[in-house]
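# Close look at the chain arrangement
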Amino acid sequence: MLRAPPVSRPAAPPAEAYPAGGPARDRWVLARRGPRPEHDLSRPRAFFVEHERNAAGRVVPGLTVLLTSRECPWRCVMCDLWRGTVPGRVPPGRIPRQVALALAGADPAVLGGCLKLYNSGSFFDPWAVPPTDYPALAAQVAGFARLVVECHPNLVGRRVLEFQQQLRVAAAARQRPPPVLEVALGLETADPEVLARLNKRVSLEQFRRAADFLRQHGVALRVFILVQPPFAPPDGAVEAAVRSVDFAFACGATVAVLIPTRPGNGALEALAAAGQFTPPRLATLEAALDRSLRPAQGRVFADLWDLEVFSDCPACFAARRGRLEQINHAQRPVPPVRCAHCGAGSGEI
């Protein structure tokens with residue numbers, strides 16, 4: 001799931017104790033950031049076609065749009081999505097303009113299927129996507145079969161229902177069914193102690209309540225899960241990811257996405273210097289995907305963006321990435337890749 005172009009990795013900052021909690025954690029995370037790139041609120045950062053297996057078992061193309069929007073108000077210690085955001089409030093009209101440009105520039109063959117509108121934050125943050133823009137946005141996307149947006153669990157509430165109603169109104173005007181609304185929530189991990197330290201400020205119970213709200217109102221759930229987050233022992237990373245997938249499906253998710261925890265945001269380098277974070281290896285992601293497949297419950301995907309960061313061997317990387325893509329599409333085991341150069345095999349950790 002491509003999110004942004006690869007970025008240069010900052011040098012590790014001096015080790016300093018991670019605060020116990022509260023606003024001090026926010027200040028700690030912010031102090032370790034590099035400069036924020038400039039972005040134009042009148043244009044999306046990118047849009048592109050992705051192929052994904054749908055609930056019917058077909059691999060189909062879909063359009064993903066990376067919107068330029070407001071930075072998330074939470075300061076999660078592992079997050080680097082702030083690089084694609086602006087610090088202030090987004091004025092009305094800007095998000096519909098970005099969507100219009102993406103739809104006008106996209107391959108017509110992908111229009112009408114699945115549309116992902118990712119804004120590197122929360123779609124239902126009113127300062128990121130003004131609710132006054134909901135009618136215009138709903139009219140723009142009413143021709144799609146499925147719409148995926150992302151949100152922090154704590155912002156799941158009445159604005160979800162307001163937007164869902166606008167989708168129904170816009171679709172009725174076209175005399176067609178409304179798009180299936182799917183909300184992607186970052187669970188990150190089902191380990192309550194690790195989750196509490198990520199500065200996401202959400203508990204497993206709060207996540208479960210958000211998931212229940214979506215299910216009760218006919219909104220589909222996609223869940224993002226970190227593979228080997230900070231504060232967790234690397235030797236338990238695969239098992240922790242598998243447990244997190246099981247928790248996501250127990251909450252009603254139909255899709256779980258495994259995202260290897262990527263270094264490069266400054267805070268993770270500081271935690272690595274303090275011995276509290278070790279980046280996952282490619283084999284860790286492979287093993288987590290292999291052991292998380294639950295075709296009777298839902299789809300499990302490995303996030304393949306910037307995957308080279310986690311590879312130890314350039315000789316087998318392309319084949320191993322290809323295998324992960326095969327599993328994403330087939331949702332069944334694929335024989336491991338054996339490398340004559342490094343002697344390793346897919347998923348061996």
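Calculation criteria
Residues numbered from 1 in each chain as written. Predicted model: local features only at pLDDT ≥ 70, side-chain atom pairs only at ≥ 80, totals over all residues. Heavy atoms only, no water. Helix = DSSP H or I, 4+ residues; strand = E, 2+ residues; numbered from the N terminus. Buried < 20%, exposed > 50% of the residue type's maximum accessible area, 1.4 Å probe, protein only. Contact = heavy atoms within 4.5 Å. Areas by Shrake-Rupley, 256 points an atom, 1.4 Å probe, with all protein chains shown as cover. Lys, Arg positive; Asp, Glu negative; His and termini not counted. Charge placed at Lys NZ, Arg CZ, Asp CG, Glu CD. Pairing = 2+ DSSP bridges. Axes fitted to C-alpha atoms, helices over the stretch in contact; angles between N-to-C directions. Right-handed = clockwise from strand over helix to strand, strands pointing away. Parallel < 35°, antiparallel > 145°, perpendicular 65-115°, else oblique. Left-handed = near helix turned anticlockwise from the far one by under 90°.

Our next topic: the overall build of the chain. Summing up its helical and strand segments, the chain has ten helices and ten strands in all. Dimensions along the principal axes, computed over C-alpha positions, put the chain at roughly 60 × 45 × 35 Å. Per-residue burial for the chain yields a buried fraction of 54% across its 349 residues. Intrachain contacts of the chain at a sequence separation of at least 6 include 78% that bridge at least 24 residues. Summed over all atoms, the accessible surface of the chain reaches about 14,500 Å², with 56% contributed by carbon and sulfur. Computed over 42 positive and 31 negative side-chain charges, the inter-centroid distance for the chain is 4 Å.

Strand order in this open sheet of eight strands is E1-E2-E5-E6-E7-E8-E9-E10, and the pairing throughout is mixed. Unpaired on one side and paired on the other, strand E1 (46–53) and strand E10 (299–302) mark the two borders of the sheet. Pairs of neighbouring strands in the sheet enclose a mean axial angle of 25 degrees, with direction left out of account. Inspection of the sheet shows strand E5 (residues 114–118) paired to strand E6 (residues 146–151) by four bridges, in the parallel sense. The residue of E6 that forms the bridge with leucine 115 is leucine 147.

This part takes up the side chain of serine 42. Here serine 42 is to be found in the loop between helix H1 (23–31) and E1. Residue contacts for serine 42: discarding those within four places in its chain leaves Arg97, Gln98 and Leu101.

Another aspect to go through is helix H9 (residues 282–292). Side chains of residues three or four places apart in an α-helix project in the same direction, reflecting 3.6 residues per turn. Most of H9 sits out of view: nine of its eleven residues are buried. Among the residues of H9, those classed as buried are Leu282, Ala283, Thr284, Leu285, Glu286, Ala287, Ala288, Leu289 and Ser292. In the core, the buried residues of H9 are packed alongside strand E8 (220–227), helix H7 (237–250), strand E9 (255–260), E10 and helix H10 (314–330).

Here we take up the pairing of E6. In regular strands, side chains alternate between the two faces of the sheet. Counting buried residues along E6, five of its six residues qualify, which places the element largely inside the surrounding structure. In this fold, E5 hands off to helix H3 (residues 134–141), which returns the chain to E6; that crossover is right-handed. Note that E6 and strand E7 (residues 180–188) share six bridges and pair parallel. Bridge pairing in E7 links cysteine 151 to leucine 185. In this region the chain leaves E6, passes through helix H4 (residues 158–173) and returns to the parallel neighbour E7; the handedness of that crossover is right-handed.

Among the nine residues of E7, eight are classified as buried, and the element is accordingly described as predominantly covered. Here six bridges tie E7 to E8, and the two strands are oriented parallel to one another. The residue bridging alanine 184 from the neighbouring strand is arginine 222, located in E8.

At a minimum axis separation of 8 Å, H3 and H4 run at an interaxial angle of 50 degrees. Taken together, the axis directions place H3 and H4 in an arrangement best described as oblique. H4 is crossed by H3, and the crossing has right-handed handedness. In contact with Tyr134, Pro135, Leu137, Ala138, Ala139 and Val141 of H3, H4 contributes Arg159, Glu162, Phe163, Gln166, Leu167 and Ala170.

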